[in-house]
Amino acid sequence: MSHILTILTFLPLVGATVVAFIPRTATAKIRWVALVTSLVTLAWGIGLFLGFDLHHPGLQFVENYPWIESPPVAYHLGVDGLSVLLLLLTVFLAPLAILASWRSIGERVKEFHLLMLALETGMNGVFVAQDLFLFFVFWEAMLIPMYFLIGIWGHERRIYAAVKFILYTMLGSALMLVAILYLYNATGTLELPAILAQLSGPAPPISPKGARWLFLAFFLAFAIKVPLFPLHTWLPDAHVEAPVAGSVILAGVLLKMGTYGILRFCLPLFPEASRQFAPVISVLAVIGILYGSLVSMVQPDLKKLVAYSSVAHLGFVVLGIFAFNPMGLEGAIYQMCNHGVSTGALFILVGMLYDRRHTRLISEFGGLSSVLPVLGAFFLFVTLSSLGLPMLNGFVGEFLIILGAFHRRALYGALAATGVVLAAVYLLWMYQRVFLGEVRSEKNRALADCSGREKLILTAMAAVILGMGVYPQPFLRRLDQSVAEVLARVQPGEEAALVFGSPKGWNDASRVATSSATTFHAPWLLPLPGPERERGPLDLTRDSRRELRDAAPAELKGIAGVACTPGEAPRAGMNRR
Amino acid sequence: MTPVQALDFIRVLPEIVLASCAILVMVAEPFVSARHTAALAWVSLIGIVAAGAGNAWMRRFSGPAFGGSIAADPFASYFVYLLLLAAALTLLGSVRYLETNQVHHGEFYALLLLGTTGACLMVAATELIMIFIGLEISSISTYILAGFRRADKRSNEACLKYFLLGSFATAFLLYGIAFIYGLTGTTNLVQLSEKLSAPGARPPLLWIALILAFVGLGFKVSTVPFHIWTPDVYQGAPAPVTAFLSVAPKAAAFAVILRVFLGGLASAGALVFWLLWISALLTMCLGNLAALWQTNIKRLLAYSAIAHAGYVLVGMAAAKAAGPEAGEGIASVLFYLAAYALMNVAAFILVAHLAGAGERYQEADDCTGLAYQRPGVAACLTLLLVSLSGFPATAGFFAKFYVFRAAIHAHLIGLTLVAVLNSVVAVYYYLRVVVAMYMREGNPRASASPLPWPLGAALALSLVGIFYLGLFPTPFVRLANLAASPLP
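Since this is a predicted model, take the numbers as computed values, not measurements.

**Details of the packing of aromatic side chains**
One pass over the full model with this rule turns up 62 aromatic pairs over all chains. Between the aromatic rings of A:F379 and A:F435, the centroid separation amounts to 4.8 Å while the plane-to-plane angle is 50°, which identifies the pairing as tilted. Of this pair, A:F379 sits in helix α16 (residues 373–386) while A:F435 is found in helix α18 (residues 410–435), placing the two residues 56 residues apart along the sequence. Owing to a relative accessible area of 0%, A:F379 belongs among the buried residues under this scheme. Judged by relative accessible area, A:F435 falls into the buried class, the value being 0%. Pairing B:F397 with B:F401 gives two aromatic rings, centres 5.8 Å apart and planes at 35°, and the pair type is tilted. Placement of both B:F397 and B:F401 in helix α18 (residues 395–409) is noted, with a separation of four residues, approximately one turn of the helix. Each member of the pair, B:F397 as well as B:F401, is classed as buried. Above the face of the B:Y372 ring, A:R108 is positioned so that its terminal group lies 3.5 Å from the ring centre. For the cation-ring pair, A:R433 lies above A:W429, with the distance from its terminal atom to the ring centre recorded as 3.7 Å.

Following this line, the structure appears as structure tokens:
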């Protein structure tokens, strides 16, 4: 067994140990060690991303060792497409968060970087753990560094925010622990694949009623983290009071753990219960979208505005997940990454403004783009990505989600689309008030524009935003397997839509499904074939493709260019730009 | 009755070693000059280690001793280790404390050893009178220890309160024992169990005996509503004594509850179960809720100790509910007590150091900003509190985990939910101290002097233990399972 994932997970912890031995006065050294560690981790993560085998179903880079005898806990790591994407997001944001705190964290530098690196280990661990117990350990352990980050380096109400954050999350995870124990008691194992096999077997050890309760226990833990309306009240406090790095990690990664948990545990473990609760959850998600957007609109504080916009964006993600179709699901996962990058970037930008003026009140600014042209340009770029401008990342995710939501229920789609409009309103209005017009306050005249370090951070983020918007293929392709597996459990039959109305025809219109709709473990949607490309072993003949196409549910054919012959395939449906 | 043999003495070797060492310390005390009192501490420590070695050695001679009034079995052996550990940590934590507070008398160590001896007798006893004798030896020593700072009003109050209420409670236990003897004609747990499980044997007033005995033991483990003395005594007693009080007599009393209520009186099923269930519920909830309002760290930890007793009772209720498969629940209780001993003794002896001379600084706010004056000390206290609140990778987590697992296995879902929610509440008050140390600006009033080395050693030992149990619990779980096996 290789140790790629162990190294990825614990590399930051090694860095933290090194930091612990550096004298606290040598702040420059501490910063560099932390940065280099996180960059090496990033490189490792990119290697993992590239080395991820698209053709391989199920988990990859598996490591599995027995850890505890009773209960039988295994140190079981592994990644699928979903984890790979979120891991990449995590290791990408960590060095940026450290870099963004280069100047703004001046006190207790050693503790700060120690905790940042420990936090990164915890986050990576959450995404690679394949054992319920191990997952829980990382999930809980990660709370402590975050708690300290908010509580020590936060703003005025930091203690309140930190305690609120940890209590909310603990509440959810406590119930999850009971659910995990109950599952263990029923199945006799804590390994996710084994539990899945038992639950989907002919005689599931848990009654439908029990499954509903377990679903709720797990879902509550994740919904608090997401956060789904009405469990979001910890979020504005934590995001606003946290230091920049804390906000970036909170918004960028921690919220995703909630949606990751839903996808990894709630849906596959309790498909029946998921379907039963889906309408309620979708409605809450829609409320979250609208409520988050409306509340954002009236915030006088920049950071609070961005924080509430997270409620709306994560509402989109949850809506997409509970649409139970490929468009919604892939969009949701993509949107998770988008939100991580875009909102992370927004928090960094707000932090940069705060560093200059020591205020975040919108009314204090105005006309900044004449003073800070570079910062203003980046700000605009990120704002546009956050509100979903085509060609930038936000668009891909939101579009797919709305498509999926429409497919589930037109009303959801319509309301969610309203949310997009509202996002444009609050974000652009904010941009206008901060950057456009006359410089109103004298204090704003002498501000310095971006330093080299700031340009570096922002360029990296902008490049990713653009890259993910123009060429989502490498990301989406890695999701196909995971999405198909989730769908196969939660909405059997829907994964067939991956074959036909493939949303991944997005930029690769010639891609056509190459796999039988009935086997989920066959490699899905190989990155294939224009007619000119070579036919792979799994390619279907023209006839069998036609068969599959005809077998598609009728309402699907109207969507995403299903009703076309394989050769010209999804181009008709999907290239609407 | 068989005549007393050499084997009988071997089977109480730890107790003999401890008692002899205590006597030695007491005899030597007048001959040791005040400057060298610490030497007595090291003698006592050697005694404790020797008792541990004796405990390990006599494993191959296990069996009943003194006509079945004492059993040298893995259960007793496990608890003896635990009690010796608590005593050793307390001792390491008190050497410098006694000097700072100018109460460095050799009797302290002798009383500590005697208290441990009594507790060891309690856990090994399989006869109600023997249990009572052990309880009295341990209680009387700890009553005196609680008032060891003679010049301090609070310490006197603690001593008196502990003594009066404690004697009252032991009277209850004795009354219960008398009832049991009257009803069944025996005080031996094995014979008791046989008599009660015989068909048709249902003495009419057994429930009175059960309740009386439970009240007496409930006082020792401070279950609600017999906990009233706990906060005052824990706060008033010298902090290292509190460390000992909160662990050793408590663990011993839990061992007795296990032996009596799940062993000897096992056949009185439903009543015992409900007694445990209700006390678990009340103890957890009240302990945690009351702790929320505490600003004094000692008092806070006192209420937290009450709450922990509640979790232990959950494990016991689970063991009781599981009927013939009680082993899992009992093992979870044993594991819990070991983790609890490590965390609680360490927390109290560290607080003893922070409180400074005369224990003036016991408030959470006194620790304000400590993390930047003494990062090591603050990190240490934080780790202990994190473990007490049950975060993963620490002993506290697995302790709770195993108890909850046993409870769910026994289908006590409701009680488990209450316990889990309680542990969330607990996070709030444990973090109060962390908030003060790390997140508030200011200078600590609490003693920022460096840790004396015995205390440092004790803390290092505890932390290693806490992380060992938190990361690799398997060997220890095996041990607990083995220890749980002599019980039904």
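**Digging into the packing of helix α13 (residues 302–321) of chain A against α18(A)**
All names here are of chain A. Direction vectors running N to C along α13 and α18 enclose 160°, while the axes themselves pass 11 Å from each other. Between α13 and α18, the angle falls in the class roughly antiparallel. By crossing handedness, the relation of α13 to α18 is classed as left-handed. Between α13, through L302, L305, S309, A312, H313, F316 and L319, and α18, the contact on the second element is made entirely by Y412, A416, G419, V420, Y426, L427, M430, R433 and V434.

**Let's talk about unusual backbone geometry**
For the bond running from A:V226 to A:P227, omega is -10°, close enough to zero to count as cis. For A:P227, the location among the structural elements is in the loop between α9 (208–225) and α10 (234–241). For the bond from B:V224 to B:P225, the omega torsion is 5°, close enough to zero to count as cis. Secondary-structure assignment places B:P225 in the loop between α9 (206–220) and α10 (229–236). Unlike most non-glycine residues, B:F66 shows phi in positive territory, near 50°. Inspection of the secondary structure assignment puts B:F66 in the loop between β1 (63–65) and β2 (70–72).

**Brief notes about the confidence of the model for chain B**
Across chain B, the average pLDDT comes to 88, with 98% of residues at or above 70. Confidence, expressed as mean pLDDT per element, reaches its minimum in chain B at helix α8 (residues 189–197) of chain B with 82 and its maximum at helix α5 (residues 107–124) of chain B with 93.

**Structural notes on the packing of α10(A) against helix α11 (residues 244–269) of chain A**
Residues and elements named next belong to chain A. The N-to-C vectors of α10 and α11 enclose an angle of 140°; their axes lie 7 Å apart at closest approach. What the angle tells us is that α10 and α11 run oblique. Note on element contacts: α11 touches α10 through S247, L250, A251 and L255, opposite W234, L235, A238 and H239.

**Quick word on the nonpolar core**
In terms of nonpolar packing, the biggest core is built from 399 residues, with A:F218 and A:F322 touching the most fellow members. Once residues within four sequence positions are removed from consideration, A:F322 is found in contact with A:F215, A:F219, A:I262, A:L267, A:S274, A:A278, A:I281, A:S282 and A:R408.

**Examining the interface of chain A and chain B**
For an interface, size is often stated in terms of accessible area lost upon the parts coming together. Contact residues are listed per partner, giving 34 residues for chain A and 34 residues for chain B. Roughly 3,300 Å² of surface becomes buried between chain A and chain B when both sides are summed, with 76% attributable to carbon and sulfur atoms. Looking at the side of chain A facing chain B, the largest losses of area belong to A:R108, A:V178 and A:L181, adding up to 16% of the total buried there. Inspection of the region where chain A meets chain B yields three salt bridges. The residue A:E69 makes a salt bridge to B:R478 at a minimum N-O spacing of 2.4 Å. Between the two partners, chain A and chain B, sit seven residue pairs in polar contact (both at pLDDT 80 or more). Counting only elements with at least two residues in the side of chain A that touches chain B, the list comes to β1 (60–68), α5 (132–141), α6 (143–153) and α7 (158–187) of chain A. Among the elements that line the side of chain A that touches chain B, the one with the most residues is α7(A), at 15 residues. Within the side of chain A that touches chain B, the residues separate by chemical class into 25 nonpolar, three polar and six charged.

**So, the pairing of strand β2 (residues 73–79) of chain A**
All names here are of chain A. Counting buried positions over the seven residues of β2 gives seven, a clear majority of the element. In the sheet, β1 pairs with β2 via six bridges, with the strands oriented antiparallel. Bridge pairing in β2 links Q60 to V79. From the end of β1 to the start of β2, which pair antiparallel, there are four residues.

Conventions adopted
Residues numbered from 1 in each chain as written. Chains lettered and ligands numbered in written order. Predicted model: local features only at pLDDT ≥ 70, side-chain atom pairs only at ≥ 80, totals over all residues. Heavy atoms only, no water. Phe/Tyr/Trp six-rings, centres within 6.5 Å; stacked < 30°, edge-to-face > 60°. Helix = DSSP H or I, 4+ residues; strand = E, 2+ residues; numbered from the N terminus. Buried < 20%, exposed > 50% of the residue type's maximum accessible area, 1.4 Å probe, protein only. Lys NZ or Arg CZ within 6 Å of the ring centre and 35° of its normal. Axes fitted to C-alpha atoms, helices over the stretch in contact; angles between N-to-C directions. Parallel < 35°, antiparallel > 145°, perpendicular 65-115°, else oblique. Left-handed = near helix turned anticlockwise from the far one by under 90°. Contact = heavy atoms within 4.5 Å. pLDDT = per-residue confidence, 0-100. Core = buried A, V, L, I, M, F, W, Y, C linked by side-chain atoms within 4.5 Å. Buried area = accessible area lost by both parts, 1.4 Å probe. Salt bridge = Lys/Arg side-chain N within 4 Å of Asp/Glu carboxyl O. Polar contact = N/O pair within 3.5 Å; in protein donor to acceptor, adjacent residues only side chain to side chain. Nonpolar A, V, L, I, M, F, W, Y, C, P; charged D, E, K, R; others polar. Pairing = 2+ DSSP bridges.

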